[in-house]
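Chain residues, written in single-letter form:
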Amino acid sequence: MYDYERLEQYAEKISTKIGFQPRVGLVLGTGLGEMAEKMTVVYEQAFTDFSGFPVSTVEGHVGHFLFGYFEDVPVVCMQGRVHYYEGYSMEDVVLPIRFMAIMGVESIILTNAAGGINKDFNVGDIMVITDHISSFVPNPLIGKNVDNLGIRFPDMSNIYDKQMREAFVTVAKQNGIPVREGVYIQFTGPSFESPAEIKMAAALGADAVGMSTACEAIAARHAKVKVCGLSYISNAAAGLSDKELSHEDVRWASKFGAESVEKMLRGYFRSIKQ
Ligand code: HPA
């Protein structure tokens, strides 16, 4: 089990160094990392600087915390996330989320590339996540409860904050961005799903599929941090198109989605700026 006192000490040290309180935590998914270049960075810390921290091994994921401002809103941005399929325990996978919670953020915005399951969805759509199915991956809260973060049996009735969701949908519509709302299902990966698994996911009520996010949302809600999730539909899920699935294609397609996500984030940050 990770030494959470050490995590608190890291947070304290960085708070003193940067001299401001990040309000929002931002997790940049596949192909969206370049968005970090648009923020005003005050301080940067590699995950490798934190002892015992998981390090992303996926191409296209950098592995940094960036502290700074986006549209004048103080943020901590996680550039590159870690995935369960990289071989880390689920507890380790969500450590960066817990770190942001300890830093005192009010909310965390999770972004990801996802396969579209809903047949009405098109590549390039942005899905604002309304709920998730995480039953196919281990729960990140398994193990001794970290009482300083949250309770043993946290409620998950409203994981994705309604007000934030509405704000993002409004901003998307104002900017002419094709926005959808729906349920995200997390599988472990790293293989893409089989067509039969996608049929199952559709029957269960999932609209988009990915290999991250739901576990992070649980960890954030455990710590009583508000959560919002934006999925960029980078491909039709397995069996729904003739195309073979590849990470390169997901990355490539995500670059275009990044533009829409960035516009939505900009609009959202402007709306919460005080
Ligand atoms: N499946 C799982 N994860 C993904 C996909 C997919 O089709 N596209 C992007 N991430």
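Q: Tell me about the packing of helix H4 (residues 162–174) against helix H7 (residues 247–272), residues and numbers included.
A: Two elements in contact, H4 and H7, have axes whose closest approach is 9 Å; the angle formed by their N-to-C orientations is 115°. As H4 packs across H7, the resulting crossing turns out to be right-handed. Residue-level contacts link Met164, Ala167, Phe168, Val171 and Ala172 of H4 to Lys263, Met264, Leu265, Gly267 and Tyr268 of H7.

Q: Quick one: what's the story with the pattern of salt bridges, residue by residue and with numbers?
A: In the structure shown here, the tally under the stated rule is ten salt bridges. Across the salt bridge formed by Asp125 and Arg180, the nearest N and O atoms sit 2.9 Å from each other. With Asp125 in the loop between strand E5 (107–116) and strand E6 (126–133) and Arg180 in strand E7 (residues 179–186), this pair connects stretches of sequence that are 55 residues apart. By relative accessible area, which is 3% here, Asp125 ends up buried. Between Asp249 and Lys243 there is a salt bridge, with its nearest N and O atoms 3.6 Å apart. For Lys243, a relative accessible area of 59% gives the class exposed.

Q: Could you give me a rundown of the site of the ligand, with the residues and numbers involved?
A: Neighbouring the ligand are Ala113, Ala114, Gly115, Phe192, Glu193, Val209, Gly210, Met211, Ser234, Asn235 and Val250. At a separation of 3.3 Å, a nitrogen atom of the ligand approaches a polar backbone atom of Ala113. One nitrogen or oxygen atom from the main chain of Gly115 is found 3.3 Å from a nitrogen atom belonging to the ligand. For the shell around the ligand, the secondary structure elements donating two or more residues are E5, strand E8 (208–210) and strand E9 (226–236). It is E5 that provides the largest number of residues to the shell around the ligand, a total of three residues. For the shell around the ligand, a count of residues per class yields six nonpolar, four polar and one charged.

Q: Give me the lowdown on the side chain of Ser107, citing residues and values where you can.
A: Mapped onto the elements of the fold, Ser107 is located in strand E5. Every residue in contact with Ser107, bar those within four places of it in the chain, is listed here: Arg23, Val24, Gly25, Met164, Val225 and Lys226.

Q: Any chance you could break down the side chain of Ser254 for me, citing the residues and the numbers?
A: Tracing the backbone shows Ser254 in helix H7. Discounting residues that sit within four places of it in the chain, Ser254 has contacts with Thr30, Gly31, Leu32, Ala113, Tyr232 and Ser234.

Q: Provide a residue-level description of the environment of Glu197, including the pertinent values.
A: As for its position among the elements, Glu197 is in helix H5 (residues 195–204). Owing to a relative accessible area of 36%, Glu197 belongs among the partly exposed residues under this scheme. In sequence terms Glu197 and Met35 are 162 residues apart; their C-alpha atoms lie 32 Å from each other. At a separation of 2.8 Å, a polar atom in the side chain of Glu197 contacts the main-chain amide nitrogen of Ser194.

Q: Go over helix H6 (residues 214–222), please, and point to the residues and values.
A: In terms of burial, H6 is largely enclosed, as nine of its nine residues are buried. Here H6 has its buried residues at Ala214, Cys215, Glu216, Ala217, Ile218, Ala219, Ala220, Arg221 and His222. Once H6 finishes, Lys224 follows within two positions and takes phi at roughly 65°, a positive value.

Q: With reference to specific residues and values, describe the environment of Tyr10.
A: Inspection of the secondary structure assignment puts Tyr10 in helix H1 (residues 4–18). In this structure Tyr10 comes out as buried when scored by relative accessible area, which is 15%. Sequence spacing of Tyr10 and Asp207 is 197 residues, and the spatial spacing of their C-alpha atoms is 38 Å. When sequence neighbours within four positions are dropped, the list of residues in contact with Tyr10 reads Tyr2, Asp49, Phe50, Ser51 and Phe99.

Q: Residue-level account of unusual backbone geometry, with values.
A: When glycine is set aside, most residues are seen to have a negative phi, and most peptide bonds are trans. Residue Gly189 is joined to Pro190 through a cis peptide bond whose omega torsion reads 0°. At Glu71, a position not held by glycine, the phi torsion is positive, near 50°. You can see Glu71 is positioned in the loop between strand E3 (64–70) and strand E4 (73–79). On the accessibility criterion, Glu71 (18% relative accessible area) is buried. You will see that Lys224, though not glycine, has its phi angle at about 65°, which is positive. Structurally, Lys224 is set in the loop between H6 and E9.

Q: Explain the nonpolar core residue by residue, including any values.
A: With 49 residues, the main nonpolar core has Phe53, Phe65, Phe67, Phe99, Met100 and Ile108 as its most contacted residues. Contact partners of Ile108, with chain neighbours within four places excluded, come to Gly25, Val27, Ile97, Met100, Ala220, Val225, Lys226, Val227 and Cys228.

Q: Provide a residue-level description of the packing of H1 against helix H3 (residues 95–103), including the pertinent values.
A: Following both chains from N to C, one finds H1 and H3 inclined at 55°, their axes separated by 9 Å at the closest point. Taken together, H1 and H3 sit at an angle that is classed as oblique. In this structure, H1 meets H3 at a crossing whose hand is right-handed. Of H3, the residues touching H1 (which contributes Tyr4, Leu7, Glu8, Tyr10, Ala11, Ile14, Ser15 and Ile18) are Leu95, Arg98, Phe99, Ile102 and Met103. Residues that form the contact of H1 with H3 fall into these classes: ten nonpolar, one polar and two charged.

Analysis parameters
- Residues numbered from 1 in each chain as written.
- Predicted model: local features only at pLDDT ≥ 70, side-chain atom pairs only at ≥ 80, totals over all residues.
- Heavy atoms only, no water.
- Axes fitted to C-alpha atoms, helices over the stretch in contact; angles between N-to-C directions.
- Helix = DSSP H or I, 4+ residues; strand = E, 2+ residues; numbered from the N terminus.
- Left-handed = near helix turned anticlockwise from the far one by under 90°.
- Contact = heavy atoms within 4.5 Å.
- Salt bridge = Lys/Arg side-chain N within 4 Å of Asp/Glu carboxyl O.
- Buried < 20%, exposed > 50% of the residue type's maximum accessible area, 1.4 Å probe, protein only.
- Near = heavy atom within 4 Å.
- Polar contact = N/O pair within 3.5 Å; in protein donor to acceptor, adjacent residues only side chain to side chain.
- Nonpolar A, V, L, I, M, F, W, Y, C, P; charged D, E, K, R; others polar.
- Core = buried A, V, L, I, M, F, W, Y, C linked by side-chain atoms within 4.5 Å.
- Parallel < 35°, antiparallel > 145°, perpendicular 65-115°, else oblique.

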